[in-house]
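# Structural overview
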Number of protein chains: 2
Amino acid sequence: MAHEKSIGITVKKADDMPEWYGQVVVKSGLADYAPVKGCMVIRPYGYAIWQRIMDYFNGRMGKLGVENAYFPLFIPESFFKKEAEHAKGFEPEVAWVMNRDESQEKLALRPTSETIMYDSYSRWVRSWRDLPLRINQWCNIIRWEVSDVKLFLRSREFLWQEGHCVYESEKECDRETIMMLDEYEKLCHELLAVPVLKGKKTEKEKFAGAHYTTTIEAFMPDGKALQCGTSHNLGQGFSKAFNISFLGKDGKMQTPWQSSWGFSTRLIGALVMQHSDDKGLVLPPSIAPYQAVIIPIIFEDSREKVLKKAIEIRHKLKDMRVFLDDRDQYTSGWKFNEWELKGVPLRIEIGPKDVEKDQVILVRRDTGKKEPVKIADLNEKAAELLETVQSDLFKKAQKFLKDSIVEVKSWKEFEKTIKSKKIAKALFCGGVDCEDNIKAKTEGANSRCIPFEQKNVKGKCVHCGEEARFWTYFSRSY
Amino acid sequence: MAHEKSIGITVKKADDMPEWYGQVVVKSGLADYAPVKGCMVIRPYGYAIWQRIMDYFNGRMGKLGVENAYFPLFIPESFFKKEAEHAKGFEPEVAWVMNRDESQEKLALRPTSETIMYDSYSRWVRSWRDLPLRINQWCNIIRWEVSDVKLFLRSREFLWQEGHCVYESEKECDRETIMMLDEYEKLCHELLAVPVLKGKKTEKEKFAGAHYTTTIEAFMPDGKALQCGTSHNLGQGFSKAFNISFLGKDGKMQTPWQSSWGFSTRLIGALVMQHSDDKGLVLPPSIAPYQAVIIPIIFEDSREKVLKKAIEIRHKLKDMRVFLDDRDQYTSGWKFNEWELKGVPLRIEIGPKDVEKDQVILVRRDTGKKEPVKIADLNEKAAELLETVQSDLFKKAQKFLKDSIVEVKSWKEFEKTIKSKKIAKALFCGGVDCEDNIKAKTEGANSRCIPFEQKNVKGKCVHCGEEARFWTYFSRSY
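Residues numbered from 1 in each chain as written. Chains lettered and ligands numbered in written order. Predicted model: local features only at pLDDT ≥ 70, side-chain atom pairs only at ≥ 80, totals over all residues. Heavy atoms only, no water.

## Concerning the pairing of strand 15 (residues 292-296) of chain B
All names here are of chain B. The buried count for strand 15 comes to 5 of 5 residues, which makes it a mostly enclosed element. Burial along strand 15 is two-sided: Ala292, Ile294 and Pro296 and Val293 and Ile295, pointing in opposite directions, are all buried. With 3 bridges joining them, strand 15 and strand 16 (residues 322-324) adopt parallel strand pairing. Bridge pairing in strand 16 places Ala292 opposite Val322. Read as a crossover between parallel neighbours, the route from strand 15 over helix 9 (residues 303-316) to strand 16 is right-handed. Here strand 15 pairs with strand 17 (residues 346-350) via 5 bridges, running parallel. Looking at strand 17, one finds that Ile294 is bridged to Ile348. (Buried < 20%, exposed > 50% of the residue type's maximum accessible area, 1.4 Å probe, protein only. Helix = DSSP H or I, 4+ residues; strand = E, 2+ residues; numbered from the N terminus. Pairing = 2+ DSSP bridges. Right-handed = clockwise from strand over helix to strand, strands pointing away.)

Encoded structure:
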């Protein structure tokens, strides 16, 4: 915890977003830079958010018949090579263990677990009775990034969940690939108040080895998209490479269809950038470790009376996640600043005059709006306000996202849109080379997704002039 | 899931415990051997047990002010070397990452996280206001074991929790080191029904770098102890090595005291060995993923009626973790065998005759005892029976532990006790050399712990004849 007022945020979000972001994450106590190059430390306040995400998602997955398991960190080199595109896709960022015994095979630290899991699946799946198989894993992932660490957004080690399913048919695999994407959208909306665009990835951007990849994309205030989760239909490529087959209901051996899907601690980065402001974090009530903080305003002659009432209020709000900050060693003003920095949605102030009036002062973190509330009405009012804050944050972000999308008709408009830090919705040919060229000419704009709903796909590709295949969202990205 | 009746356990626990243990773990679906040397896969049924352990422990820790966090997998070589004994203790089993960039420092895969965490602590701890600092981490741990994998008991990668605390005073550190050991004992008793011996480790067996180590030790039916958790008072050695200091209430800079404590997925191994039998797993109700399984006995002419009643019962037992096994493709007999193998504490059979009598047949997994129960009484009776099973399993294990302890007066008795696979309680000098000699002469007996309660410590060391310092438990061990 910060110990001086001066340890607030010293730059404005609008002026220098990367610097602002780093300060917010570190000073609010979410995470810290590790002494190991490219790595981060997730501090308790950040981990509490991750824990809430895990709990929420485990609850959802339980209902859908997904079970958790744990597979090894180490992946034999030969496993990677079984699926050629997959191996090629991950090769640049794989870290290897130093062999103590030269006769043993080289071992990678998992950059993703398809290969190690499917080797086991090939022994576990025997018959249609074993399907669908739906397994999820929470674990650390290693990708040897070259660039510097960006807390939660880019680091050599991060935490994630990866789901890996096996199905009898293509149809079932299609359906559940989208079902999981919808779960991700729901999580972003309900828990993080982060609106997303949904769609398919282009050929260039799809997962190495997948049949197709679907994605949810959030859009950050600095005009960059942030991929928040992907769900892949893997087709039958991995099944064939790993010899997964099953006895069908028809009595014949068949090759199953597979899917995989994942999101990571990156979600916390999206959450921070989307809502926070120049005073620090702004947390939506659904995900906030504390939804409200009670700060008693202490004067020596009324100390006992005020503290007694503060404790009473603490008990009254037992259905909420509330922290009573009765620490003696800090002033009320210092506490106001600290809890604003930490993004607690509601502040409840109570001083001697409030006690006399049987009231508290309720302050919203997102708007700063203050209002006196009678203690008798506090439970109802605070619960109502938490819902309002949650919904207001989502609406604000959703408006920003909608206002950022520009349907462009020409390459000139496309370039202008990207330059003005918005999302270009353009007709696109889908070509990998064409997309490479777009990226080169626009300093980094790439396709984010091909929305599922496609209307009026008539005309030429916005860049190369070939026949367009679909509308596609383009923007800069994290 | 096993698909044929013949996939039951083929050896008896009393005849060949290692083979029996491997079969129970694999065939019940707890875990599997990984295709990577020395590693295991924790399957959903095993992970569900680990998840229950995590949930229970997180709940307890929340009450004690311990917060979860996450630190990097990678530890720079120089960090290890800061605490000399610690480095020496772990050197033989550390795995290293292959460097892509030769100019960078060598990185270890964490065999434990003291060093990487305390580097951060040195920046986070400034004043007495920051203390006590209590942080816990759930993560994977790498120890490059030479011997073959024993599922849950010995593997190159396993899951654990490690708590790391910083205190102002020795007294506080002492108190909380023991408080955490008591938490471990409570977890073993309440959740796993595994009784343990508590005490200090000898000089030879203490944690590398610790001031002293305390431990809980379970005793397995094959006459070997299993260390189930340790809690270390680290003294000030790490604080000094990592420059952790704080401004005391007296205005002077001080060196804090530290503790660390951990248990791992080994606990699942203890659970399995302690209670299970020749038919497979026996799970205590508190930890069982399913506490009861309902098996409808299906005949074609009464199918609808029986299934309807089974579903009704499922809803009635909503406060329990119940699985209704209504799968068509398996016979009732097959299901009986499978759920016995998987150790579900209660089986609830319901056939057409039971429906007519408004009853079910309740079968205990631990004793095999059957009884008809009126459906109207089922909730109460089943809840009562779960408590009885939990308490009976604990009492049985506790009797075995007590009966296994032999207070020995001579070296001859000591040798005889170890040979008969029991625990020798002996007067001991505490010497490292003496303990080495004991181990060599008895084919592996070592000290398990020095119990906290010491009475009548008068006499000579059971082995070397020097003045005894305390009573100590000795046995073979895992």
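Okay, back to it.
## Notes on the interface of chain A and chain B
Taken residue by residue, the interface counts 56 residues in chain A and 56 residues in chain B. Of all residues in chain A, Tyr70(A), Met98(A) and Arg100(A) give up the largest surface area on contact with chain B, accounting jointly for 15% of the area buried on that side. Linking chain A to chain B there are 0 salt bridges. Sorting elements by how many residues they give to the side of chain A that touches chain B places helix 5 (residues 114-124) of chain A first, with 5 residues. Its residues assigned to classes, the side of chain A that touches chain B comprises 34 nonpolar, 8 polar and 14 charged. (Contact = heavy atoms within 4.5 Å. Buried area = accessible area lost by both parts, 1.4 Å probe. Salt bridge = Lys/Arg side-chain N within 4 Å of Asp/Glu carboxyl O. Nonpolar A, V, L, I, M, F, W, Y, C, P; charged D, E, K, R; others polar.)

## Here's the deal with the relation of the copies chain A and chain B
Of the two same-sequence chains, chain A is brought onto chain B (RMSD 0.0 Å, axial shift 0.0 Å) by a rotation of 180°. Considering both components of the superposition, the chain copies are consistent with a two-fold axis. (Least-squares fit on C-alpha atoms with pLDDT ≥ 70 in both.)

## With respect to helix 5 of chain A
With 10 of 11 residues buried, helix 5 of chain A is to be regarded as a mostly interior element. If you check which residues of helix 5 of chain A are buried, you get Glu114(A), Thr115(A), Ile116(A), Met117(A), Tyr118(A), Asp119(A), Ser120(A), Tyr121(A), Ser122(A) and Trp124(A).

## A look at the side chain of Thr215(B)
Residues and elements named next belong to chain B. If you trace the backbone, Thr215 turns up in strand 10 (residues 212-219). Look at Thr215 and you get buried, because its relative accessible area is 0%. Only 2.8 Å separates the side chain of Thr215 from the side chain of Glu217, close enough to count as a polar contact. Among the polar contacts made by the side chain of Thr215, one reaches the main-chain carbonyl oxygen of Gly229 at a distance of 3.5 Å. In this structure Thr215 touches Leu181, Leu197, Lys198, Gly199, Lys201, Gln227, Gly229, Thr230, Arg448 and Cys449, once residues within four positions along its chain are discounted. (Polar contact = N/O pair within 3.5 Å; in protein donor to acceptor, adjacent residues only side chain to side chain.)

## A look at the environment of His275(A)
All names here are of chain A. Counting through the fold element by element, His275 comes out in helix 8 (residues 266-275). Judged by relative accessible area, His275 falls into the buried class, the value being 7%. Each C-alpha atom, one on His275 and one on Gly459, is 38 Å from the other, the two residues being 184 residues apart in sequence. Excluding anything up to four places from it in sequence, His275 contacts Lys13, Leu192, Ala193, Val194, Val282, Pro284, Leu393 and Ala397. Looking at His275, its side chain comes within polar contact range of the main-chain oxygen of Ala193, at 3.3 Å.

## As for unusual backbone geometry
Of note, the bond from Leu131(A) into Pro132(A) is cis; its omega dihedral lies within 30 degrees of zero at -10°. Along the polypeptide, Pro132(A) turns up in the loop between helix 5 and strand 7 (133-142). A positive phi angle, close to 70°, is found at Phe152(B), a residue other than glycine. By the element assignment, Phe152(B) lies in the loop between strand 7 (133-142) and strand 8 (157-167).

## Digging into the packing of helix 2 (residues 44-63) of chain B against helix 6 (residues 170-192) of chain B
Residue and element names in this part refer to chain B. Two elements in contact, helix 2 and helix 6, have axes whose closest approach is 11 Å; the angle formed by their N-to-C orientations is 140°. As far as their axial angle goes, helix 6 and helix 2 are oblique. Seen along the crossing, helix 2 lies across helix 6 with a hand that is right-handed. Counted together, Arg52, Ile53, Tyr56, Phe57, Arg60 and Met61 of helix 2 and Met180, Glu183, Tyr184, Lys186, Leu187, Glu190, Leu191 and Leu192 of helix 6 form the full contact between these two elements. Of the residues in the contact of helix 2 with helix 6, the class split is 9 nonpolar, no polar and 5 charged. (Axes fitted to C-alpha atoms, helices over the stretch in contact; angles between N-to-C directions. Parallel < 35°, antiparallel > 145°, perpendicular 65-115°, else oblique. Left-handed = near helix turned anticlockwise from the far one by under 90°.)

## Considering the environment of Asn68(A)
Positionally, Asn68(A) belongs in strand 3 (residues 67-68). Note: C-alpha distance between Asn68(A) and Gln161(A) (93 residues apart in sequence) is 9.6 Å. Here Asn68(A) is in contact with Asn58(A), Asn136(A), Trp138(A), Arg43(B), Pro44(B), Tyr47(B) and Gln51(B), once residues within four sequence places are set aside. There is a polar contact of 3.0 Å between the side chain of Asn68(A) and the side chain of Asn58(A). A polar contact is formed between the side chain of Asn68(A) and the side chain of Asn136(A), at a distance of 2.9 Å.

## Regarding the packing of aromatic side chains
Going through the model one piece at a time under the given rule, you end up with 55 aromatic pairs over all chains. Between the aromatic rings of Tyr121(A) and Trp124(A), the centroid separation amounts to 6.1 Å while the plane-to-plane angle is 35°, which identifies the pairing as tilted. With Tyr121(A) and Trp124(A) both in helix 5 and 3 residues apart, this pair spans about one turn of that helix. For the pair shown, Tyr121(A) and Trp124(A) are each scored as buried. Where Trp411(B) meets Phe414(B), the ring centres are 4.8 Å apart and the plane angle is 15°; that geometry is what we call stacked. In this pair, Trp411(B) and Phe414(B) both sit in helix 13 (residues 411-419), 3 residues apart, roughly one turn of the helix. Accessibility expressed as a relative area gives 0% for Phe414(B), which makes it buried. Site record: aromatic cluster; members linked through ring pairs are Phe71(A), Phe79(A), Tyr118(A), Tyr121(A), Trp124(A), Phe238(A) and Phe242(A). (Phe/Tyr/Trp six-rings, centres within 6.5 Å; stacked < 30°, edge-to-face > 60°.)

## Concerning the side chain of Glu435(A)
Residues and elements named next belong to chain A. Mapped onto the elements, Glu435 comes out in helix 14 (residues 432-441). Put simply, Glu435 is tucked away with no salt bridge, and the nearest opposite charge, on Lys204, sits 5.5 Å away. Setting aside chain neighbours within four positions, we find Glu435 in contact with Thr202, Lys204, Glu205, Phe428, Asn446, Ser447 and Phe474. (Lys, Arg positive; Asp, Glu negative; His and termini not counted.)

## Side note on the pairing of strand 23 (residues 470-477) of chain A
Residue and element names in this part refer to chain A. For strand 23, a buried count of 6 out of 8 residues is recorded, marking the element as mostly surrounded by other parts of the structure. As paired strands, strand 11 (residues 224-235) and strand 23 are joined by 2 bridges and run parallel to one another. Within the sheet, the bridge partner assigned to Lys224 lies in strand 23 and is Arg476. Across 5 bridges, strand 21 (residues 423-428) lies against strand 23 in antiparallel orientation. Paired with Ala424 across the two strands is Phe474, which belongs to strand 23.

## Some details on the sheet that holds strand 6 (residues 107-109) of chain A
Residue and element names in this part refer to chain A. Taken together, the 3 strands give an open sheet; going across it, the order is 4-6-5, and neighbouring strands pair in antiparallel fashion. Since the sheet does not close on itself, it has two edges, and those belong to strand 4 (74-76) and strand 5 (95-96), each with one partner. Two strands pair when backbone bridges link them, and strand 4 and strand 6 are joined in this way by 3 bridges, in the antiparallel orientation. Paired with Phe74 across the strands is Leu109, a residue of strand 6.

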